[in-house]
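Coordinate analysis (summary)
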Amino acid sequence: MINLNTSHYESRKLVSLVENRTIHTLNNAELNIFETHQQASQVLLRFSEPVLASMIKGKKVMHLENTHSFGFLPGESVILPSNELMCIDFPEATEHNPTQCLALAFSEGKLRETVELLNNRGTKQNGKEWSMTDYNYHFTNEVAINQILQRLIFIFTEKHPSKDIFADLLIQELIIRILQTESKSIYLKKAQHYSNNDRISFIIKYIQDNITEDLSVELLSEKAYMSESNFYRTFKHELGSSPNDFIIEERLKVAESMLRNPKVSVKEAYMASGFNSFSYFCRIFKKKKNLSPTEFKEKASVMKVK
């Protein structure tokens, strides 16, 4: 999860109990930290540039145009096009438990530059170019995105003379990772309904349907009718992760789902998820979830009782 550092609290002034705003500005981006210390509803907010909003602490309810209202929680982000109106409720904010959120506004020029860089490395497998989303995209942050945001908070609030350079490099990586995260979510949805429409969706569906099998890059590239090198490069370029890393993610999803069932043992979840080593399964599960499979199962059981 993301945390605000001491530099933020040293520089911020609390002048409002609802969406108290602290602004840090660099050449190509503006970091806004919002804190709300009391319950409120229908608070309006708009940015003139594309913006990434990411929850740090507490809960919001977001009402966006052409989107169903949704709870906005720590570890989640939403990217919005320029001039998108946000209507926000704060159902749980209190003086001692404030809601905290960051909003990172990008310059249009930096966005175009980054998207062009990604396209120079290759268009999508369907021949279309990469482009920044022009609609609301709500997602759960991957570990790398959380780490970038945490680092950006530090850079924006420090006094280093080269912080514009540092921030530009991180923002470029952040934009690419968001585009690839969005691309992955689109392919995952297509795999459930239109898996024969393109090679990547077909391979994702094949992985999901054969999760306990030995899924080598050689086998998957044959199924996609592509050379191993081209398949690997295309898969990683569009989803932001290698085929092997994606397979691990899918196996962990299966294990996590099964561990939430009180009737399923840790060993049964391991067997059903396709890992070929129990010790590796436990190690990778703890690395990704910060809990061992047993601890995760116990926590899931407690949450279910509540």
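Residues numbered from 1 in each chain as written. Predicted model: local features only at pLDDT ≥ 70, side-chain atom pairs only at ≥ 80, totals over all residues. Heavy atoms only, no water.

As a further point, take the environment of Asp134. Relative to the helices and strands, Asp134 is located in the loop between α2 (108-120) and β10 (137-140). Judged by relative accessible area, Asp134 falls into the exposed class, the value being 63%. Separated by 55 residues in the primary sequence, Asp134 and Ile79 place their C-alpha atoms 9.2 Å from one another. (Helix = DSSP H or I, 4+ residues; strand = E, 2+ residues; numbered from the N terminus. Buried < 20%, exposed > 50% of the residue type's maximum accessible area, 1.4 Å probe, protein only.)

Core analysis: the biggest nonpolar cluster contains 34 residues, and Leu52, Leu102, Leu104, Phe106, Leu152 and Leu174 have the highest contact counts within it. Sort the elements by how many residues they give to this core and helix α4 (residues 163-193) lands first, with eight residues. When near neighbours in sequence (up to four residues on either side) are disregarded, Leu104 contacts Ala29, Glu30, Leu31, Pro50, Val51, Leu52, Leu152, Phe156 and Leu174. (Core = buried A, V, L, I, M, F, W, Y, C linked by side-chain atoms within 4.5 Å. Contact = heavy atoms within 4.5 Å.)

What follows deals with the sheet that holds strand β4 (residues 51-57). Spatially, six strands are ordered β1-β2-β9-β4-β7-β10 in an open sheet, and the strand pairing comes out antiparallel. The open sheet has two free edges, formed respectively by β1 (20-25) and β10, since each of these has just one partner strand. Averaged over neighbouring strand pairs, the angle between their axes works out to 20 degrees when direction is ignored. Relative to the sheet, α4 contacts β2 (29-36), β4, β7 (76-80), β9 (99-106) and β10, its axis offset from that of β10 by approximately 95 degrees. (Pairing = 2+ DSSP bridges. Axes fitted to C-alpha atoms, helices over the stretch in contact; angles between N-to-C directions.)

Further remarks concern the packing of α4 against helix α7 (residues 228-239). Relative orientation of the contacting elements α4 and α7 amounts to 105 degrees, with a least axis distance of 6 Å. With respect to their mutual orientation, α4 and α7 come out roughly perpendicular. Between α4 and α7, the residues in contact are Gln180, Ser183, Lys184 and Tyr187 and Lys236, His237, Glu238 and Leu239, respectively. (Parallel < 35°, antiparallel > 145°, perpendicular 65-115°, else oblique.)

It is worth stressing that arrangement in space is one thing and function is another; only the former is reported here.
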